[in-house]
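Each chain is listed here by its residues.
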Amino acid sequence: MNTNDSPTPSDRFSRQRRFSAFGEEGHARLARSHLAVVGLGGLGSTLAQHAVRAGARKVTLIDRDIVEEHNLPRQSLYTKDDAKRGVPKAEAAAEHLSAVGGPAELVVRVRDLSRRTVSELLEGADLVLDGLDNFEGRFLLNDYCHSENTPWVYGGAVAGNGMALLVKPDGRPCLRCLFPDADQSPTPDTCETVGVLSPLPSLVASLQFCETMRYLSGDNTSRLWNFDPWGGRVFAHEVKKGSGHCACCDEARYPALEQGDSLSAKLCGRDVVQVMPTTERTWDLAPFADRWEGLGKVECTKFLVRLHLPEAAISLFADGRALIQGVDSVEKGRSLYSKYVGS
Ligand SMILES: [Zn+2]
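All figures in this text were calculated on a predicted structure; none of them were measured in a lab. (Residues numbered from 1 in each chain as written. Predicted model: local features only at pLDDT ≥ 70, side-chain atom pairs only at ≥ 80, totals over all residues. Heavy atoms only, no water.)

### Some thoughts on the coordination of the zinc ion
- Protein-derived coordination of the zinc ion comes from Cys174 (SG), Cys177 (SG), Cys246 (SG) and Cys249 (SG), at a distance range of 2.2 to 2.4 Å.
- For the zinc ion, the four donor atoms in the first shell make angles of 101 to 118° at the metal, so the coordination geometry reads as tetrahedral.
- Every donor residue of the zinc ion comes from the same chain, spaced as C-x2-C-x68-C-x2-C. One end of the pair, Cys177, is in helix α8 (residues 175-178); the other, Cys246, is in the loop between β8 (233-238) and α11 (247-251), with 69 residues separating them in the sequence. (Donors = N, O, S within 2.8 Å, 3.2 Å for Na, K, Ca; no water. Tetrahedral: all angles 85-135°; square planar, octahedral: opposite > 155°, others 65-115°. Helix = DSSP H or I, 4+ residues; strand = E, 2+ residues; numbered from the N terminus.)

And the structure:
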């Protein structure tokens, strides 16, 4: 999908080009860049807007989820109609960003980021923007990007605290250097347990994109931003490789690329379970619409087929992945998957 059918007005980007620290050189590099946005929730919907509005050459929009009404207070790309129709976030994001226009080629990927899919989804990206909501996924990004010498920009927003970090192509320091145990922590704070200040994700994402522009302008100092707008505190520390041992930086070992993918998971903060098929193949969705006829309302779109049951809704995607809405445990999700989809 291309956002622009007519020539871009020559002054469209004049304000950012006139900002001397970024300037013509920074803009020219951005205009050659392919940016991948992973996760299109509170952080990602703002990141994707910045990437497109600022004039990137290509923007890959990656998200596994669909728009729901409770997203609307923070996720500025989406509308009530998207939520009502249950549109995949990547598809809705591309529709709205097409209306913004500009030079960016938009690539829609309604997929789950996992060890199996990461290289395919991020292939060719010059820089990766983190819009994820969990450390498991961020360590996968960290390890993949480190192994490929691809820069990426971490962002986190929980309760009233925001963080952002540019991880350079050499990874030093990388996320594992700074938060060695974050993916092992049994009870990390999440938006589910401690909530989130609704404007915070867009603040963090804007800061992530400032770091992206700074990197593209040629300044690749690593700074860890830590801020609390409610309490009026902002810190930006220049960070260097610490004294601790890091598997990626010290051994060129990538633990997240070696682990197996889990086949099911409860999504953060909601009664939604994601179930993966046991074998990798492309699924033909049309027969499911026929098979499910009479069981409940069935919807078919370009990216999914959905069955509304009294107790849950099953959205099945072409990679065999399903989101089961309305269940509160992985076991119930897997049981519905087996019954209505198969294995
Ligand atoms: Zn490291």
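After presenting the structure, the write-up continues.
### Some points on the packing of helix α2 (residues 23-31) against helix α10 (residues 200-216)
- Here α2 crosses α10 at 105°, and the two axes come no closer than 8 Å. Comparing the axis directions of α2 and α10 gives the class roughly perpendicular. Residues Gly26, Arg29 and Leu30 of α2 form the contact with α10, whose participating residues are Phe209, Tyr215 and Leu216.
- Tallied by class, residues from the contact of α2 with α10 come to four nonpolar, one polar and one charged. (Axes fitted to C-alpha atoms, helices over the stretch in contact; angles between N-to-C directions. Parallel < 35°, antiparallel > 145°, perpendicular 65-115°, else oblique. Contact = heavy atoms within 4.5 Å. Nonpolar A, V, L, I, M, F, W, Y, C, P; charged D, E, K, R; others polar.)

### Section: the sheet that holds strand β6 (residues 161-167)
- Read from one edge of the open sheet, eight strands run β3-β2-β1-β4-β5-β6-β7-β8, paired in mixed fashion. Pairing within the sheet leaves two strands with one partner each, and these edge strands are β3 (105-109) and β8. For this sheet the average axis-to-axis angle between neighbouring strands, irrespective of direction, equals 15°.
- This element, helix α3 (residues 42-54), spans β1 (34-38), β2 (58-62), β3, β4 (127-130) and β5 (152-158) of the sheet and lies at about 165° to β1.
- Lying on the sheet, helix α7 (residues 135-148) is in contact with β1, β4, β5 and β6; it crosses β5 at an angle near 170°. (Pairing = 2+ DSSP bridges.)

### Some thoughts on the pairing of strand β7 (residues 223-228)
- As defined by bridge partners, β6 adjoins β7 across four bridges and the pair is classed as antiparallel. Looking across to β7, one finds that Gly162 is bridged to Phe227.
- Examined bridge by bridge, β7 and β8 share six bridges and lie antiparallel to one another. Paired with Trp225 across the bridge in β8 is Ala236.

### Side note on the domain arrangement of the protein chain
- The domain architecture assigned to the protein chain consists of domain 1 (14-258) and domain 2 (264-340).
- On a C-alpha basis, the centres of domain 1 and domain 2 stand 28 Å from each other.
- On the side of domain 2, 20 residues touch domain 1, which itself brings 17 residues to the contact.
- Between domain 1 and domain 2 the total buried area reaches about 1600 Å² when both faces are included, carbon and sulfur atoms providing 50% of it.
- Between domain 1 and domain 2 we count one salt bridge in total.
- Between domain 1 and domain 2 we count six residue pairs in polar contact (both at pLDDT 80 or more) in total.
- Partitioned by chemical class, the residues of the side of domain 1 that touches domain 2 number four nonpolar, three polar and 10 charged. (Domains from an automatic or database assignment. Buried area = accessible area lost by both parts, 1.4 Å probe. Salt bridge = Lys/Arg side-chain N within 4 Å of Asp/Glu carboxyl O. Polar contact = N/O pair within 3.5 Å; in protein donor to acceptor, adjacent residues only side chain to side chain.)

### Overview of the pattern of salt bridges
- Counted under the stated rule, the structure contains 19 salt bridges.
- Put simply, Arg85 and Glu95 hold a salt bridge, and the shortest N to O gap is 3.9 Å. On the criterion of sequence distance, the pair formed by Arg85 in helix α4 (residues 80-85) and Glu95 in helix α5 (residues 89-100) is long-range, its members being 10 residues apart.
- For Arg111, the salt bridge identified is with Asp319, shortest N-O distance 3.4 Å. One end of the pair, Arg111, is in the loop between β3 and α6 (118-122); the other, Asp319, is in the loop between β13 (313-317) and β14 (322-325), with 208 residues separating them in the sequence. Take Arg111 and Asp319: they sit in the same class, and that class is buried. (Buried < 20%, exposed > 50% of the residue type's maximum accessible area, 1.4 Å probe, protein only.)

### Quick word on the packing of aromatic side chains
- Counting across every chain of the model gives six aromatic pairs.
- With centroids separated by 5.9 Å and ring planes inclined at 40°, the aromatic side chains of Phe135 and Phe139 adopt a geometry described as tilted. A residue pair is termed a helical-turn pair when its members lie 3 or 4 positions apart in one helix, as Phe135 and Phe139 do in helix α7 at four residues.
- Here the aromatic rings of Phe135 and Phe179 are separated by 6.1 Å at their centres, their planes lie at 65°, and the arrangement is edge-to-face. Remark: Phe179 occurs in the loop between α8 and α9 (191-194) and Phe135 occurs in helix α7; sequence separation between them is 44 residues. (Phe/Tyr/Trp six-rings, centres within 6.5 Å; stacked < 30°, edge-to-face > 60°.)

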